[in-house]
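# Architecture at a glance
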Amino acid sequence: MTYEELLMMWKVRGMPGRVIDTTPNISKHRGDEIDAWLRECKAVCEYVIIDDLDAQNFNEPQLAHLVTVNPYNGLDGIAVMRSIGILGSHQP
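Bear in mind that the values here come from a model prediction, so they are computed numbers and not experimental data.

Conventions we followed
Residues numbered from 1 in each chain as written. Predicted model: local features only at pLDDT ≥ 70, side-chain atom pairs only at ≥ 80, totals over all residues. Heavy atoms only, no water. Core = buried A, V, L, I, M, F, W, Y, C linked by side-chain atoms within 4.5 Å. Buried < 20%, exposed > 50% of the residue type's maximum accessible area, 1.4 Å probe, protein only. Contact = heavy atoms within 4.5 Å. Helix = DSSP H or I, 4+ residues; strand = E, 2+ residues; numbered from the N terminus. Expected span 1.5 Å × (residues − 1). Arc of directions from axis to C-beta. Polar contact = N/O pair within 3.5 Å; in protein donor to acceptor, adjacent residues only side chain to side chain. Salt bridge = Lys/Arg side-chain N within 4 Å of Asp/Glu carboxyl O.

## Focus on the nonpolar core
Membership of the largest hydrophobic core is limited to 7 residues, which are I34, W37, L38, Y47, I49, F58 and L66. Filtering out sequence-adjacent residues up to four positions away, I34 remains in contact with T23, I49, F58 and Q62.

## What to know about helix α3 (residues 77-89)
Here α3 contains 13 residues, and its C-alpha end-to-end distance of 18 Å stays within 8% of the 18 Å for a straight helix at 1.5 Å per residue. Every buried residue of α3 is listed here: A79, S83 and I86. Down the axis of α3, the buried set is contained in an arc of 60 degrees. They therefore lie on one face. More than 90 degrees from the buried face of α3, the exposed residues found are G77, I78, M81, I84 and S89. Residues of α3 that are buried in the fold lie against β1 (49-51) and β2 (66-68). The N-cap of α3, judged by a side-chain oxygen 3.3 Å from the amide nitrogen of I78 a few residues on, is D76.

## Overview of the pattern of salt bridges
Tallied over the entire structure, the rule returns 2 salt bridges. Each of R30, E33 and D51 takes part in salt bridges that share partners, so that together they form one network.

## Quick notes on the environment of M15
Position of M15 relative to the elements: it lies in the loop between α1 (3-12) and α2 (30-40). For M15, a relative accessible area of 35% gives the class partly exposed. Between the C-alpha atoms of M15 and I86, which are 71 residues apart in sequence, the distance is 21 Å.

## With respect to the side chain of E33
Note on placement: E33 falls in helix α2. There is a polar contact of 3.4 Å between the side chain of E33 and the backbone nitrogen of I26. Apart from the residues within four sequence positions on either side, E33 is in contact with T23, P24, N25, I26 and S27.

Interpretation note: all reported values are geometric properties and have no functional meaning in isolation.
Listed below in structure tokens is the structure:
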């Protein structure tokens, strides 16, 4: 999905917050795309990866930041709580 398509979906579904970017489509390995995005956006200190791919698609250091969701149901309350927990665990 392109950034523009994601923005339109976000708007149509009335999702809260905002989408700031998407990862580049440079590899078949999701972890490499996330690493490329993180290198480009040096200001990112804390992050959570929410994805419907298995953990094997991510690089080892990313696993502590990963929340996997069901590809058919997407984000649910459990995934939200896990995401908040990941972000909260990286506080100074």
